[in-house]
Amino acid sequence: MMKKIKIILRRLSPLLIVIVFAGLAKVLINSQEAPEQKDEPISVPIIDVQTVVPQTLSLNLPSYGVVNPKYKTQLVTEVQGRMINISPQFVAGGVVKQGEQLAIIEPSDYEADLIQAEATLAQATAALNEEKARGEVAKIEFKGFTNGVPPELGLRIPQLKKEQANVKYAQAALARAKRNLERTVIRAPFDGIIKARNVDLGQYVTLGTNLGELYDTSIAEIRLPLANEDLAYLESVDNPDTNVTLTAQLAGKQVTWQGNIVRSENVIDEQTRMVYLVAEIRDPYLRNTKTSGQLPLKYGSFVNAVITGKTVDEVVKLPRHVVRNGQVAVVSDDNIIEMRTVNVIRSDVSSIYIQGSFKANERVSITSVNSLNSGQAIKVLGEKAKKPNEPVDTDAQAATKAGE
């Protein structure tokens, strides 16, 4: 009997354990307290702001270009012969003045031509004087001629004209001989820098031989590309006479030059769809005027340019990312967002220019938060949090703004 009871208890023990634990779980569930209900905190975005003050700005236009000479020329020979002298300055990079001797072509043949031309002129002059004398004798002989007007041939008028023509011919030949002799000396046509020399001492040159290339150093030109729509920011599109500031890295430091826009090429480039303005820099190599610390603007240099644009009133300059779909987030005194539509008059890579859309000392969000909406409450970075319904201390704000 006992054995059967033990077998029954052994079989029922798992069931009893389950029943006991179920009872304990029910007691625990019934005895636990309900958790305290708390309101979830509302997330308020923290943004950075910028106080804006409308001002008068020049809408400057950025550009770039390569410095080139306004005038450059190929030095060519007008006579032929052997090069017997070359100036030490007639080398690549040599700086020369107008009229300076660069090279000499052997002049002996041209000196002989000059002597010959002088002799021919002397002979023609003598023949003319002789013919004049014969004409005077003929006038005396025909003084008693009563049968009408004396014939021109008898008065030797045709012979006189012939001798006068011979003299003019000899004078022209003499002038040509002098010019050819002068052309044996190659001189610089203007102040400049030698770009290249193509001949050597002792070389025989013919008419039109290219001796070298000379760049003028009095005026430099820079072609500056602009988008066609950017021309609207110039004071005058037809006559874009304005200032331009050029900068470049030379000798390890940034150097600045001032120039002028002198003209527009008035043609839109077919490949780049850009319009080119031409800037001029006077005395780029500082040959006439040189200030302390100033470096020459060398030809071939790449420069960045800032062209002075038209002046506009009531303009605010902001970072480009601040504007979203033509709107800007304006922060009120009680830190409420107002999404305001603004008048964008110009934008560039990093900035945007807005006219007539803000009052002085208004605050604008410069934090790129795409989820901001009108009427939304925010916190300003670095600003002490206000208590609910706390009045705004306008005097303190005014003092803070004045200090800024």
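Residues numbered from 1 in each chain as written. Predicted model: local features only at pLDDT ≥ 70, side-chain atom pairs only at ≥ 80, totals over all residues. Heavy atoms only, no water.

- Per an unreviewed UniProt entry, the recorded name for the protein chain is RND superfamily efflux pump MFP component, and the organism is Shewanella inventionis.
- Under the Sequence similarities (unreviewed entry) heading, UniProt states for the protein chain: "Belongs to the membrane fusion protein (MFP) (TC 8.A.1) family." (UniProt positions renumbered as here; feature names shortened; annotations may be inferred.)

### Here's the deal with the overall build of the protein chain
Step number 1: From N to C terminus, the protein chain includes four helices and 24 strands.
Step number 2: Per-residue burial over the protein chain gives 32% buried out of 404 residues.
Step number 3: Within the protein chain, contacts between residues separated by at least 24 positions form 75% of all contacts whose residues are at least 6 apart in sequence.
Step number 4: Put simply, the protein chain shows about 26,000 Å² of open surface, and 52% of that area lies on carbon and sulfur atoms. (Helix = DSSP H or I, 4+ residues; strand = E, 2+ residues; numbered from the N terminus. Buried < 20%, exposed > 50% of the residue type's maximum accessible area, 1.4 Å probe, protein only. Contact = heavy atoms within 4.5 Å. Areas by Shrake-Rupley, 256 points an atom, 1.4 Å probe, with all protein chains shown as cover.)

### So, a nonpolar patch on the surface
Step number 1: On the surface, Y64, V66 and F302 cluster together into a nonpolar patch covering about 300 Å² of accessible area.
Step number 2: With respect to the helices and strands, the residue V66 is situated in strand β4 (residues 61–69). (Patch = residues over 30% accessible without salt bridge, like charges linked within 9 Å, V, L, I, M, F, W, Y side chains within 5 Å. Salt bridge = Lys/Arg side-chain N within 4 Å of Asp/Glu carboxyl O.)

### Section: the packing of aromatic side chains
Step number 1: By the definition in use, this model includes three aromatic pairs.
Step number 2: Among the aromatic side chains, those forming a connected cluster through ring pairs are Y215, Y285 and Y299.
Step number 3: Against the face of Y276 rests R223, its NZ or CZ located 4.0 Å from the ring centre.
Step number 4: Positioned over the ring face of Y233 is R346, at 5.4 Å from the centre of the ring. (Phe/Tyr/Trp six-rings, centres within 6.5 Å; stacked < 30°, edge-to-face > 60°. Lys NZ or Arg CZ within 6 Å of the ring centre and 35° of its normal.)

### A closer look at the sheet that holds strand β12 (residues 210–216)
Step number 1: Strands sit in the order β5-β12-β10-β7 across an open sheet of four strands; the sheet is antiparallel. Each edge of the sheet is formed by a strand with only one pairing partner; in this case those strands are β5 (72–76) and β7 (95–96).
Step number 2: Pairing of strand β10 (residues 192–197) with β12, which is carried by five bridges, proceeds in the antiparallel orientation. By the bridge assignment, G192 is partnered in β12 with D216. (Pairing = 2+ DSSP bridges.)

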